[in-house]
Amino acid sequence: MDVTPIIDPLNEAQREAVTAPQEPVLVVAGAGSGKTRVLVHRIAWLVEVEGVSPHGILAVTFTNKAAAEMRGRVEELLDIPVGNLWVGTFHGLAHRLLRRHAEAAGLPQTFQILDSQDQLRLVKRVIRDMELDDSTWAPREVQWFINGQKDEGRRPDHIDTRNDQTRAMMVSIYRNYQHMCDQNGLVDFAELLLRAHELWLNNPDILRQYQQRFRHLLVDEFQDTNSVQYAWLRVLAGKEGILFAVGDDDQSIYRWRGARVENMFQLKQAFPAMREIKLEQNYRSTSTILNAANAIIANNHDRLGKNLWTDGNDGEPIRLYRAYNDRDEAEFVVARIEEWVAQGNLRAEAAVLYRSNAQSRVLEEMLLAKQIPYRVYGGLRFFERAEIKDALAYLRLLENRADDTSFERVVNLPTRGIGAKTVSQLREYAAANAQPLWDAARSGAGGALSSRATTAVQRFLLLLEQLDKDTTDLDLGDTVDHVLQHSGLLEHHRKDRGEQAETRVENLEELVNAAQSYEPDAEDELPPLAAFLSHAALEAGEGQAEKWEDCVQLMTLHSAKGLEFPLVFIAGLEEGLFPHKRSLNDPGGLEEERRLCYVGITRAMQQLYMSHAEQRRMHGIDNYAQVSRFVAELPTDCIEEIRPSIRVSRPAFGKGAGFRHTIAAEPPGDVRLGQRVRHGKFGEGVVLNYEGAGAHARVQVNFETAGTKWLVMSYANLELM
DNA sequence: TACTATTTAATTTTT
DNA sequence: TTAAATAGTA
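Residues numbered from 1 in each chain as written. Chains lettered and ligands numbered in written order. Predicted model: local features only at pLDDT ≥ 70, side-chain atom pairs only at ≥ 80, totals over all residues. Heavy atoms only, no water.

Draft legend 1. Up close: the overall build of chain A. In terms of regular secondary structure, chain A is built from 30 helices and 21 strands. Its C-alpha radius of gyration of 28 Å places chain A within 12% of the 27 Å reference for a compact globule of 721 residues. Across the 721 residues in chain A, those meeting the buried criterion constitute 52%. Relative to all contacts within chain A whose residues are 6 or more apart in sequence, the contacts with residues 24 or more apart total 74%. Counting every atom, chain A has about 33,200 Å² of accessible surface; 48% of that belongs to carbon and sulfur. Side-chain charges of chain A comprise 83 positive and 104 negative groups, with the mean position of each set lying 5 Å from the other. (Helix = DSSP H or I, 4+ residues; strand = E, 2+ residues; numbered from the N terminus. Rg over C-alpha atoms; globule rule 2.2 N^0.38 Å. Buried < 20%, exposed > 50% of the residue type's maximum accessible area, 1.4 Å probe, protein only. Contact = heavy atoms within 4.5 Å. Areas by Shrake-Rupley, 256 points an atom, 1.4 Å probe, with all protein chains shown as cover. Lys, Arg positive; Asp, Glu negative; His and termini not counted. Charge placed at Lys NZ, Arg CZ, Asp CG, Glu CD.)

Draft legend 2. Quick look at the side chain of Gln149. Relative to the helices and strands, Gln149 is located in helix α7 (residues 139-151). Its relative accessible area of 6% is what places Gln149 among the buried residues. Within the structure, the side chain of Gln149 is placed 2.7 Å from the side chain of Arg154, a separation counted as a polar contact. (Polar contact = N/O pair within 3.5 Å; in protein donor to acceptor, adjacent residues only side chain to side chain.)

Draft legend 3. Examining the packing of helix α9 (residues 189-202) against helix α10 (residues 204-213) more closely. One way to put it is that α9 packs onto α10 with a least axis distance of 5 Å and a crossing angle of 105 degrees. It follows that α9 is roughly perpendicular to α10 by the angle criterion. Residue-level contacts link Leu199, Trp200 and Asn202 of α9 to Pro204, Ile206, Leu207 and Tyr210 of α10. Classifying every residue of the contact of α9 with α10 by side-chain character gives six nonpolar, one polar and no charged. (Axes fitted to C-alpha atoms, helices over the stretch in contact; angles between N-to-C directions. Parallel < 35°, antiparallel > 145°, perpendicular 65-115°, else oblique. Nonpolar A, V, L, I, M, F, W, Y, C, P; charged D, E, K, R; others polar.)

Draft legend 4. Layout of the pattern of salt bridges. Throughout the structure, instances matching the rule amount to 51 salt bridges. A salt bridge links Arg73 to Glu69; the shortest N-O distance between them is 2.9 Å. Of this pair, Arg73 and Glu69 both sit in helix α4 (residues 64-78), separated by four residues, roughly a single helical turn. Judged by its relative accessible area of 39%, Glu69 falls in the partly exposed class. Arg96 is the salt-bridge partner of Asp524, the closest N and O atoms lying 2.8 Å from each other. One end of the pair, Asp524, is in the loop between α24 (499-516) and α25 (528-538); the other, Arg96, is in helix α5 (residues 90-100), with 428 residues separating them in the sequence. We note that Asp524, like Arg96, is buried. Connected through shared salt-bridge partners, Lys150, Arg155, Asp182, Asp188, Glu191, Arg195 and Glu198 make up one network. (Salt bridge = Lys/Arg side-chain N within 4 Å of Asp/Glu carboxyl O.)

Draft legend 5. Structural detail: the layout of surface pockets. The calculated volume of the second largest pocket comes to roughly 810 Å³. Lining of the second largest pocket is provided by 31 residues; of these, Asn64, Arg96, Asp521, Asp524 and Glu539 occupy positions nearest its centre. The dominant element in the lining of the second largest pocket, judged by the number of residues it contributes, is α4, at five residues. Taken together, the residues that form the lining of the second largest pocket break down as 14 nonpolar, nine polar and eight charged. (1 Å grid on protein atoms, 1.4 Å probe; cavity = no way out; pocket = protein on both sides within 12 Å on 5 of 7 lines; lining within 4 Å. Points joined across faces, edges and corners; volume = space filled by probe spheres on them.)

Draft legend 6. Molecular detail of the pairing of strand β13 (residues 565-570). Most of β13 is tucked away, with six of its six residues classed as buried. In terms of strand pairing, β13 meets strand β14 (residues 604-618) through five bridges, oriented parallel. Looking at the pairing, Val568 lines up with Leu608 of β14. (Pairing = 2+ DSSP bridges.)

Draft legend 7. Spatial organisation of the nonpolar core. By size, the foremost hydrophobic cluster in this structure holds 50 residues, and its most contacted members are Phe407 and Phe460. Counting residues in hydrophobic clusters, the runner-up holds 43 residues, among them Val28, Leu98, Ala196 and Leu217. (Core = buried A, V, L, I, M, F, W, Y, C linked by side-chain atoms within 4.5 Å.)

Draft legend 8. View of the protein's contact with DNA strand B. Of all residues adjacent to DNA strand B, which total 26 residues, the nearest are Arg257, Arg355, Asn357, Thr556 and Arg582. Within 4 Å of the protein, the atoms of DNA strand B are drawn from sugar and phosphate moieties in a proportion of 52%. At 2.8 Å, a backbone N or O of Asn357 approaches a phosphate oxygen of DNA strand B. Here the surface near DNA strand B is composed, by residue class, of five nonpolar, 16 polar and five charged. (Near = heavy atom within 4 Å.)

What follows is the structure in structure tokens.
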């Protein structure tokens, strides 16, 4: 057998990982060190050389994209279809297990998946039903709480609420929410994982079956696993399972979403035989860029520790630009991109990275003004669009009449005279009788509805029954088409004028296409419609399905993870923005920001620009910030500061012009960050922040006794100390 | 029921 | 500033 294609393209460390004996392995893979290659080749090695059947291998990733790529590359390398190899996301695999063992998992066969939008709606409803004030119990925070608990594997009963009223209330919302999900056969993302874990724990025979099958567990991006995912893996591995984990602790940027880097550190205890291999040779960036990345991340503690290197050349220095304001910064970035393109490079090779989405705005305006095509990552995905979700709600009701979320979504869409009043009557009746809205509607809420409402509701029920009947013999594409035509949804959007309405109609037509060309995963053994609905929830689709055009890439640092670009800009390196002020409270948060910076830097292949603005307009008011601490952490010999060319006058935007601007560029009065001040009423304190200029300038002061306050400079009469 | 005015809050988002 | 959600009005 010829193993050259499998081991030849590998460097020494990669080869050690790929050809390691069948024992637990942890691969600490730095950015750009070829971790996907190692995973793919490891699978090939196991199959081709070690004689392991693909049937006995499970490979887990976080994103559908990564899963698809891995599957594709394995098939390419092995040159044979590997149908019974399980490759998928944690959520996808958990979903598959729950479908296969729905009963053992305590779920109805027809359970539906809630995406985070659906989940938020449901949380809102629960809060309302409990007659709680939703400003005290902000639905987003409650959702956050519930998911946080689930990510840690905690059910309501596991949570200690002694001496904590707030927590106790959170838990009872959680409990009611879960009750609602169970009643309606709904499963949110976190629940997929938690249930799958509980499936192992409660059904030893099922667990054993999978333990015997999957002797090899390969996990990508291990630093991003949360507690439940980790527990799920450990239980599945048992005593015999062989774990091959790949990850980079320095690229852990999802702690705030439940990811636990510690899982990576604990592996050695959990699997004493664990062999640790570091991939430090980088094939992406110049050594200047790598030096900068290494220097930044060296400021973090709690690392496994590694140093990226390359045998490539130094490349160009990292350019640092200090802008007057955000527009100046954008202008600078766009000018550099124009140069890049003028040198014959592709726009698509340039990426602008930023900390928060709002920053894209100025950049977009500038790109628009210069007529440079661009693409902003993020935003609504195809299956998350309102009109698509409406259509899916009809389809979900066909699958599962007990899906109240979907019921409420479309019961009056298009409008058919079922107003808020009627729905709330139905809801009340359904709650009182512990039955789905569908059943409540069938009984006309026990006769409580007005005759007009009753007819309207009956018409809706009949419509759905009719849709169900008419689509029994249709294939998936025709079913979706039929539902769109006969539910009145398409008509509803067609009669709407305007560009947006047109897009909506196009999207709905696209949905039919998507259904027509959808190929269910053979392993999932689901009826086509059910499979399609799950697919829609688990894989939200592309952001903008635009046709390919050579455009500049704009995205947050988070969404840049895993990507690479010849030319990279990191914009907005300012204290309070990056690192973000909301992560400064705890040291862990700051370290995560630093890792984010590390991720950003390591995206760059050839050229890296970093910039910050003295003045930045946020939420409509001008803010002043100091340069990010991360800039100071860069080695000075990697950096070349770019001085703005001398201009006759400083750029002043809007009214006011030069004079005003001169004042604005300085902190109000003589106040500086960290300055001690005294106030007549509040006593002594320290200046934390300031914003605005002239008469509107405000400072934030942390007083020793009075706490933190925002004060208007012209009134506060602060005494400098 | 649909449109308009007002209020409120604004970090990151693989599934 | 702005987007979204809510409240109020025709």
